[in-house]
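Residues per chain are reported as follows:
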Amino acid sequence: MRKPETQRDSVVKLSQSNGSNFFSSGLRQKVDQLMNILWAGGVNNPMDSIEQLSYLIFLRLLSERDEQAALIEKNYQRIFSGSWARYAWGNFVTLTGNELFDTLRSAIEKLHELPGLTPTGRELFRNATLKIYDRPTLRAVVQVIAGMDLAPREGHDVKGDMYEYLLSKLSQSGTNGQFRTPRHIIDLIVALVNPQPGERICDPACGTAGFLISAYTHILRQHTQPADLARGIVDGQLLKQAQWDFLDRHAFTGFDNDANMVKIGILNLYLHQLERAKIEHHNPLTTTLRGQYPGPRYDVILANPPFAGRVQKESILADIALDTRDTELLFLKWFLDHLTDHGRAGVIVPNGVLFGSGRADRKVRELLLTTCELQAVIALPSGVFKPYSGVGTAILIFQKHPLTPPLSSKRTSEQTIARMAKPTTTGELSAGADSLSPPRGEGQGEGWTGATKEVWFYELTADGFTLDDKRTPTEANDIPDILAKWPNREEGPNSFRVPIEKIRDNRWYLMPGNYKPVRLDAVKHDPPDQILADVLKIEEEISARAKALQSMLTSTRK
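Residues numbered from 1 in each chain as written. Predicted model: local features only at pLDDT ≥ 70, side-chain atom pairs only at ≥ 80, totals over all residues. Heavy atoms only, no water.

1. Looking at empty space enclosed by the protein
Counted by the stated rule, this structure contains one cavity of 30 Å³ or more. In this structure, the largest cavity encloses a volume near 90 Å³. Lining the largest cavity are 13 residues, with His-282, Leu-289, Pro-294, Trp-334 and His-338 sitting closest to its centre. Classifying every residue of the lining of the largest cavity gives nine nonpolar, four polar and no charged. (1 Å grid on protein atoms, 1.4 Å probe; cavity = no way out; pocket = protein on both sides within 12 Å on 5 of 7 lines; lining within 4 Å. Points joined across faces, edges and corners; volume = space filled by probe spheres on them. Nonpolar A, V, L, I, M, F, W, Y, C, P; charged D, E, K, R; others polar.)

Following this line, the structure appears as C-alpha cells:
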C-alpha cells in the first residue's frame with residue numbers, strides 16, 4: 001500500500017520540482033504561447049502581460065461559472081444578462097479587429113460595476129483597461145485562452161497550477177522578480193509555522209499571494225483522508241463546516257502597495273478557491289486600517305517583505321516607534337506589533353537585520369528576542385533569489401509570548417471559530433474581528449516569562465536547485481534535514497542551539513557565524529619512531545632512484 005503524502009513529503013517534492021503532476025505539458029505550452037504572442041505583439045513588460053491575461057482569464061471563468069449556475073439552479077439570475085450579456089466570454093471568441101478591441105476594452109473598464117461581483121472581483125477590475133492594442137495579437141490571445149483545457153484532472157483543479165506557472169515568468173524574466181519568492185521556500189516556512197483552522201493569517205506584503213495559498217493548501221492537506229493523499233488529492237474533506245466557513249470568509253488577509261500586484265494576487269487566490277480572501281491595496285508602514293494602530297492582529301504572519309528601499313521619514317507611522325527609514329526593520333517591528341498573544345510568524349529578512357550595528361537594528365533584535373520566542377534563524381544561500389537578486393537572506397521563525405502560557409493550537413482555533421460564529425453586538429463583533437487571542441484569564445499561570453531562552457540556528461547550503469542564474473534542479477538539498485530536525489531542534493553539522501545569554505552579550509547579533517561551534521576532530525598519528533622510520537625509508541628510495549638516473553645519464557654521454 002502506498003504511504004500517504006505528508007506535509008514534509010510535499011515540501012521536499014517542491015524543492016525538487018517546479019510543476020504539478022496534474023499540470024499537463026499541453027497547458028504549459030499554451031501559457032508559453034500566450035507570453036510569446038504578447039511579446040511579439042508589443043506587450044513586452046511581463047507585469048503588463050500577466051495583468052492583461054488575468055483580466056481575460058477571470059472573464060472567461062466568471063462567464064463559465066455563470067452558465068453552469070444557470071443550468072443547475074432553477075431560479076438563478078444570470079450575471080451576464082440584459083445590458084451585460086454582450087460582455088459574456090463566448091461573445092468575444094467570434095469577434096475580430098476593432099469590434100473585438102472596443103467591446104473587450106469596454107468590458108474590462110466597466111466590469112467593476114457588474115452586479116453580484118464580489119469585493120475582490122471589483123478590486124481586480126478597479127482602474128482596469130485593455131493594453132493589447134495590436135488587433136491580431138488580441139484575437140490570437142483570446143483564441144488561445146478559449147482553447148485552454150482547464151477541467152479538473154483526477155479531482156485536482158489545475159487552474160491554480162496554470163496561473164502559478166504563468167507567475168513564474170516574473171522571476172524568469174528578471175523583471176519585477178522581487179515579488180516572487182520560490183515556492184519551495186514558501187512551503188518550507190509554512191510547514192515550520194504550521195497554520196491551523198480557525199487562525200487569522202496575514203501577509204502584509206503579499207505580492208502574488210503565494211504565502212496565503214500555501215497556508216491554505218497546508219491546512220487542507222492536514223485535513224484530507226490518507227487514502228486521498230496517497231493518490232495526490234488534497235481536498236480538506238475532514239474539515240468541519242464551521243472551519244470551512246472561517247477559511248472562506250475570515251482566515252486570509254493580504255496587503256500590497258502595488259496596485260498591479262494586488263490584482264495578480266486576487267486572481268491567484270480566486271483560482272485557488274479563495275475568492276473571498278481579503279486583499280487590499282495598502283501600505284501598512286504609512287497608513288493604518290480603521291484609524292488606529294495597530295488595528296487588527298493576526299494569529300499567523302507569513303511574509304517576504306521588500307527590503308531594498310527606504311520610506312520617506314514623514315510618511316512612516318509614528319506608532320511604529322522605530323527611528324529608521326529601512327523597510328526591513330520597519331516591517332519586522334510591524335510583525336511584532338500585529339501578532340496576537342501566542343501568534344506565530346515565519347518571515348524572510350536580509351542578513352543586515354541579523355548583524356546591523358545601528359540603534360534601530362539593535363532595538364528591533366532586542367524586541368524580537370525579549371517579547372517573542374525566536375525559535376529559529378535559518379540562513380539561506382545567496383543564490384536562492386537568483387536570477388534577479390543575490391542578496392543574502394535568512395528565515396526567522398518566532399512566536400509572541402505574553403505572561404501567560406499558550407493554549408493548544410487546537411483549543412485556540414476551536415474557540416476562535418466559536419466566537420466568530422456567535423451572534424454579538426456591533427461592538428463585540430468588531431473586537432472579535434480585530435483580535436483572536438484567548439479571552440483574558442484563560443491559561444494564566446505563575447512564572448511564565450515569555451522571552452527567548454535559546455535560538456536554533458541552521459545554515460542551509462543547498463535547496464534542491466543550483467545557486468546560479470539558471471536555478472536548475474540538483475540533488476543537493478538541505479530542506480529534508482531541516483524538516484527532520486525541526487520538531488526537537490536537533491543539532492548537527494549545519495545546526496546548533498545558542499542560549500539567549502550568549503546572544504545578549506554579543507549585542508543581540510543573530511548571524512550564525514558568530515556562534516557556530518568550532519568542531520575539533522581528534523587525529524590519530526603513528527608513533528614518532530615509526531614516522532621517522534618511514535621518512536628514512538622514503539629517503540633511501542629517493543636516493544636509489546637518483547643514483548640510477550645519474551648512472552643512466554653518464555652512460556648516455558659515453
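2. Remarks on the sheet that holds strand E8 (residues 454–459)
Strand order in the open sheet formed by nine strands is E3-E2-E1-E4-E5-E7-E6-E8-E11, with mixed pairing between adjacent strands. One side of each edge strand has no neighbouring strand; the edge strands of this open sheet are strand E3 (278–281) and strand E11 (495–499). Within this sheet the neighbouring strands show an average axis-to-axis angle of 15 degrees, counted without direction. As defined by bridge partners, strand E2 (residues 252–256) adjoins E3 across four bridges and the pair is classed as parallel. (Pairing = 2+ DSSP bridges. Helix = DSSP H or I, 4+ residues; strand = E, 2+ residues; numbered from the N terminus. Axes fitted to C-alpha atoms, helices over the stretch in contact; angles between N-to-C directions.)

3. Focus on unusual backbone geometry
Residue Tyr-293 is joined to Pro-294 through a cis peptide bond whose omega torsion reads 5 degrees. Along the chain, Pro-294 turns up in the loop between E3 and strand E4 (298–303). Phi angles above zero are rare outside glycine, and Ala-209 is one such case at about 75 degrees. Along the chain, Ala-209 falls in the loop between strand E1 (201–203) and helix H10 (210–222). Taking relative accessible area as the criterion, Ala-209 reaches 0% and is therefore assigned buried. A positive phi is found at Arg-471, a non-glycine position, where the angle reads about 50 degrees. By the element assignment, Arg-471 lies in the loop between strand E9 (463–465) and strand E10 (473–477). (Buried < 20%, exposed > 50% of the residue type's maximum accessible area, 1.4 Å probe, protein only.)

4. Comments concerning the pairing of E2
The element E2 is extensively covered by neighbouring structure, given that five of its five residues are classed as buried. Taking every second residue as pointing to the same face, both faces of E2 are buried, with Phe-252, Gly-254 and Asp-256 on one and Thr-253 and Phe-255 on the other. Across three bridges, the pairing between E1 and E2 is parallel. Paired with Cys-202 across the strands is Thr-253, a residue of E2.

5. Here we look at the pairing of strand E5 (residues 339–350)
For E5, a buried count of eleven out of twelve residues is recorded, marking the element as mostly surrounded by other parts of the structure. Relative to strand E7 (residues 393–400), E5 is paired through seven bridges, and the arrangement is antiparallel. Its bridge partner lying in E7, Val-347 is registered against Leu-396.

Shape is all these values report; function is a separate question.
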